Amino acid sequence: NMSLYPKLPYDTLRDFAPISLCVKGANVLAVHPSVPVKTVKELIALAKTKPGKLNYSSSGLGSSNHMAGELFKLTAGINIVHVPYKGSAPATVDLLSGQISFMMATPLVFNQHVASGKLKFIAAATANRIAMLPNLPTVAESGVPGYEAGTWFALMGSPGIPREITGRIYADTMKVLNNAAFREQYVTKQWFEVVGNTPEAFATFLKSEYVRWENL
């Protein structure tokens, strides 16, 4: 939000106390079968031969998959068109119909359509391969070094929260994140990956994310 909006009633880095980056969510790049590509390199090559002809959908302006698409466009050096929708459902409908070339989102959105052959995965937008999709290469290893664009969920406290309180909340959070039943139901099934870093490590990550998206 700090990078997207000119005026906000808060400063993310100053007005919140980092507690923990709890989980990261995976994004995958799904392509309509009519697009004649099987890899990211082929998609980039096709986009370069047809500048401004390929498009991608998102769940809305400023959404995480909009940002993922723009980061891909910039780092791959291609001219592709963003088509924003009001939510993932209508964006996926037009992807299924072939009006949209590709889209990035959580595998939860695409799984049944990939299984039925209506869509195809060509890459994961994660830093490392997704554990449940070990044969799916990442965008980074497919010709766009350093690319990563997913979602993450974290705990923040009010400014000035005592360090001992932050530490207690962090410790309790880790107990929950490390609970096997909780992980199975609310992490693994939702295609999340547990991070659970310390308040200090999360603060460092938060600053790096601000710089990354501000640059974009």
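Please refer to the structure higher up on the page.
**Q** Whenever I open this one, the pairing of strand β5 (residues 102-105) confuses me. Can you help?
**A** Regular strands have side chains that alternate between both faces of the sheet. Burial along β5 is two-sided: the residues Phe102 and Met104 and Met103 and Ala105 are all buried. Here strand β2 (residues 28-31) runs beside β5; their pairing, made up of 4 bridges, is antiparallel. Its bridge partner being in β5, leucine 29 is matched across the sheet by methionine 104. By the bridge criterion, 2 bridges tie strand β3 (residues 55-58) to β5 in an arrangement that is parallel. Among the inter-strand pairings, serine 57 is bridged to a residue of β5, identified as methionine 103.

**Q** Sorry if this is basic, but what is going on with the side chain of histidine 66 here?
**A** Mapped onto the secondary structure, histidine 66 falls in helix α2 (residues 64-76). Setting aside anything within four residues of it in sequence, one finds histidine 66 in contact with Tyr56, Ser58, Gly60, Leu61 and His82.

**Q** Explanation requested: the pattern of salt bridges in the structure shown.
**A** Where charged atoms from two side chains of opposite charge come close, those side chains can pair. By the definition in use, this model includes 6 salt bridges. Where arginine 129 meets glutamate 141, a salt bridge forms, and the shortest distance between an N and an O atom there is 2.9 Å. In this pair, arginine 129 sits in the loop between β6 (120-124) and β7 (151-157) while glutamate 141 sits in the loop between β6 and β7, placing the two residues 12 residues apart along the sequence. A residue is classified by how much of its surface remains accessible, and arginine 129, at 41% relative accessible area, is partly exposed. Note that glutamate 200 and arginine 163 form a salt bridge whose closest N and O atoms lie 2.9 Å from each other. Separated by 37 residues along the polypeptide, glutamate 200 in helix α7 (residues 199-215) and arginine 163 in helix α5 (residues 163-177) bring together distant segments of the chain.

**Q** Help me out: how do you make sense of the pairing of β2 in this one?
**A** Side chains Val28 and Ala30 project from β2 onto one buried face, and the interleaved Leu29 and Val31 project onto a second face that is buried too. Inspection of the sheet shows β2 paired to β6 by 4 bridges, in the antiparallel sense. Note on β6: the bridge partner recorded for leucine 29 is alanine 123.

**Q** Got a minute to help me understand the packing of aromatic side chains in this structure?
**A** The geometry of an aromatic ring pair is captured by the separation of the ring centres together with the interplanar angle, meaning the angle of the planes. Under the definition given, this model contains 9 aromatic pairs. The interplanar angle of 65° and the centroid separation of 5.5 Å between the aromatic rings of phenylalanine 153 and phenylalanine 192 together place this pair among those described as edge-to-face. Taken together, the residues span a long stretch of sequence, with phenylalanine 153 in strand β7 and phenylalanine 192 in strand β8 (residues 192-194) at a distance of 39 residues. Between phenylalanine 182 and tyrosine 186, the ring centres sit 5.3 Å apart and the planes meet at 40°, which makes this aromatic pair tilted. One end of the pair, phenylalanine 182, and the other, tyrosine 186, are both in helix α6 (residues 180-188), 4 residues apart, so they sit about a helical turn from each other. For phenylalanine 182, a relative accessible area of 26% translates into the label partly exposed. Put simply, the rings of Tyr56, Phe72, Phe102 and Tyr147 touch in pairs and so form one group of aromatic residues.

**Q** When you look at the environment of arginine 183 in this model, what are you seeing that I'm missing?
**A** Tracing the backbone shows arginine 183 in helix α6. Residue classification places arginine 183 among the partly exposed positions, given a relative accessible area of 32%. Apart from residues no more than four positions distant in its own chain, arginine 183 is found in contact with Leu177, Asn178, Thr188 and Val194.

**Q** Help me understand the sheet that holds β8, please; the structure alone is not making it clear to me.
**A** Hydrogen bonds along the backbone pair up the strands of a sheet, which may run parallel or antiparallel. Spatial strand order, β7-β1-β8: 3 strands in an open sheet with antiparallel pairing. Every other strand in the sheet has two partners, leaving β7 and β8 as the edge strands with one partner each. Put simply, the sheet's adjacent strands are angled 35° from each other on average, direction ignored. Looking at chain direction, strand β1 (residues 17-25) and β8 are connected through 3 bridges and run antiparallel. Its bridge partner being in β8, valine 23 is matched across the sheet by valine 194. Along the sheet face, α6 touches β1 and β8 and points at about 140° away from the line of β8.

What counts, and where the lines are drawn
Residues numbered from 1 in each chain as written. Predicted model: local features only at pLDDT ≥ 70, side-chain atom pairs only at ≥ 80, totals over all residues. Heavy atoms only, no water. Buried < 20%, exposed > 50% of the residue type's maximum accessible area, 1.4 Å probe, protein only. Helix = DSSP H or I, 4+ residues; strand = E, 2+ residues; numbered from the N terminus. Pairing = 2+ DSSP bridges. Contact = heavy atoms within 4.5 Å. Salt bridge = Lys/Arg side-chain N within 4 Å of Asp/Glu carboxyl O. Phe/Tyr/Trp six-rings, centres within 6.5 Å; stacked < 30°, edge-to-face > 60°. Axes fitted to C-alpha atoms, helices over the stretch in contact; angles between N-to-C directions.

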